[in-house]
Amino acid sequence: MHTHRLDLDDPSVREWDAIVLASSAEDGIVLDRSAFYPGGGGQPPDEGVLLWGGVRTRIAGTRKGDEQYLIPAEGDPLPPVGTAVRGALDDERRTALMRTHSGLHVLCGVVFRDYGALVTGGNMEPLSARMDFDLTEVPDGFRDRVAEACNAEISADRRIQVSSLPREQAFAIPDIIRTATNLVPPEVEVVRIVDIVGLDTQADGGTHVASTSMIGGIEVTKLENKGRGFRRLRIRIV
């Protein structure tokens, strides 16, 4: 009864047809095909609607358990099992999250390349985010230098490619894990790779734009000292 993940096949999909496989007020709705990103890796879940039989069910969130469950807005009707539905994402929200996620990968690539720092945490909302780094020494002008370097990489219009590799091959790529702790569960046999060509290659499960120019621009709004050599950069996508 597993959902086919259209969001992983093609992150540009915004509308699609599907069949309801399961439906309950306790668990949510399971579709045979879905472009809803369930959340993870710091990227929040998508929102949107299901249209069926002249009815609209708003999807307020998504969670991934043994299945991908769509969570309806409170009070909205549940489509019965077997119902043909039309799914649609909140395009503005998804596109903003894709730009933001790709922007974080540019930031991660720049800080790792120029300062050798690994990521210790991060989070994002549409067009704003934070990323934490293990960086004991912070040189003068660090914040401005990082912002300048990130925007240079964005202007370079680097392609962002997504592929999948068997675990052994993926982990043979140097520096494929950019976090201080490997967050890829041991039971994952196929690893999804996001490659900003010429800048950053790492394991990742989220959605991204097709090139760095589609990010727009990055403004580093704040640099915080989180103690024990951990530094937090807050960014805004402009």
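To be clear, the structure that these remarks concern was listed above.
Bear in mind the structure is a predicted one, so any value in this text is a computation, not a measurement.

## Concerning the overall build of the protein chain
Okay, so step 1: The helix and strand tally for the protein chain stands at four helices and 15 strands.
Okay, so step 2: Since a compact globule built from 238 residues should have a radius of gyration of about 18 Å, the 19 Å found for the protein chain is in line with a globular shape.
Okay, so step 3: Its C-alpha atoms give the protein chain principal-axis dimensions of about 60 × 40 × 35 Å.
Okay, so step 4: Within the span of the protein chain, comprising 238 residues, buried residues form 46% of the whole.

## Here we look at the layout of surface pockets
Okay, so step 1: Put simply, the largest pocket is a space of about 1200 Å³.
Okay, so step 2: Every residue lining the largest pocket is counted, 45 residues in all, and those nearest its centre are Gly40, Gly41, Asp204, Gly205 and Gly206.
Okay, so step 3: At the level of secondary structure, the elements contributing two or more residues to the lining of the largest pocket comprise α2 (91-115), β9 (119-125), β12 (190-196) and β13 (200-203).
Okay, so step 4: Per element, the largest residue contribution to the lining of the largest pocket is six residues, and it comes from β9.
Okay, so step 5: Of the residues that constitute the lining of the largest pocket, the class distribution is 17 nonpolar, 21 polar and seven charged.

## Quick look at the sheet that holds β13
Okay, so step 1: Pairing in this open sheet of three strands is antiparallel, and the strands run β11-β12-β13 from one edge to the other. The outermost strands of the open sheet, each flanked by one partner alone, are β11 (160-166) and β13. The mean inter-strand angle of the sheet, taken between neighbouring strand axes irrespective of direction, is 20°.
Okay, so step 2: Of the pairings in the sheet, the one linking β12 to β13 comprises four bridges and is antiparallel in character.

## Considerations on unusual backbone geometry
Trans peptide bonds make up the majority, and among non-glycine residues the majority have a negative phi.
Okay, so step 1: A positive phi angle, close to 75°, is found at leucine 127, a residue other than glycine.
Okay, so step 2: As for its placement among the helices and strands, leucine 127 is situated in the loop between β9 and β10 (128-134).
Okay, so step 3: Even without a glycine there, the phi angle at arginine 228 is positive, about 55°.
Okay, so step 4: In this fold, arginine 228 is placed in the loop between β14 (218-225) and β15 (230-237).
Okay, so step 5: Judged by its relative accessible area of 78%, arginine 228 falls in the exposed class.

## What about the packing of aromatic side chains?
Okay, so step 1: On inspection of all chains with the given rule, the structure shows two aromatic pairs.
Okay, so step 2: Their ring planes at 80° and their centres at 5.5 Å tell us that tryptophan 16 and phenylalanine 36 sit as a pair that is edge-to-face. Residue tryptophan 16 is located in strand β2 (residues 15-24), and its partner phenylalanine 36 is located in the loop between β4 (33-34) and β5 (48-52); the two are separated by 20 residues in the primary sequence.
Okay, so step 3: For phenylalanine 36, a relative accessible area of 0% puts it in the buried group.

## Concerning the sheet that holds β14
Okay, so step 1: Taken in spatial order, the four strands of this open sheet run β9-β10-β15-β14, and their pairing is antiparallel. Two strands in the sheet have a free side with no partner beyond their single neighbour: β9 and β14. Each strand axis lies, on average, 15° off the axis of its neighbour in the sheet, ignoring direction.
Okay, so step 2: In terms of strand pairing, β14 meets β15 through seven bridges, oriented antiparallel. Within β15, the position partnered with lysine 222 by the bridge is arginine 234.
Okay, so step 3: Here α2 sits on the sheet and contacts β9, β10, β14 and β15; the angle it forms with β10, its principal contact strand, is near 25°.
Okay, so step 4: Across the sheet, helix α3 (residues 142-155) lies against β14 and β15, angled at about 150° from β14, the strand it touches most.

The rules we used
Residues numbered from 1 in each chain as written. Predicted model: local features only at pLDDT ≥ 70, side-chain atom pairs only at ≥ 80, totals over all residues. Heavy atoms only, no water. Helix = DSSP H or I, 4+ residues; strand = E, 2+ residues; numbered from the N terminus. Rg over C-alpha atoms; globule rule 2.2 N^0.38 Å. Buried < 20%, exposed > 50% of the residue type's maximum accessible area, 1.4 Å probe, protein only. 1 Å grid on protein atoms, 1.4 Å probe; cavity = no way out; pocket = protein on both sides within 12 Å on 5 of 7 lines; lining within 4 Å. Points joined across faces, edges and corners; volume = space filled by probe spheres on them. Nonpolar A, V, L, I, M, F, W, Y, C, P; charged D, E, K, R; others polar. Pairing = 2+ DSSP bridges. Axes fitted to C-alpha atoms, helices over the stretch in contact; angles between N-to-C directions. Phe/Tyr/Trp six-rings, centres within 6.5 Å; stacked < 30°, edge-to-face > 60°. Contact = heavy atoms within 4.5 Å.

Purely geometric numbers; function is a separate question.
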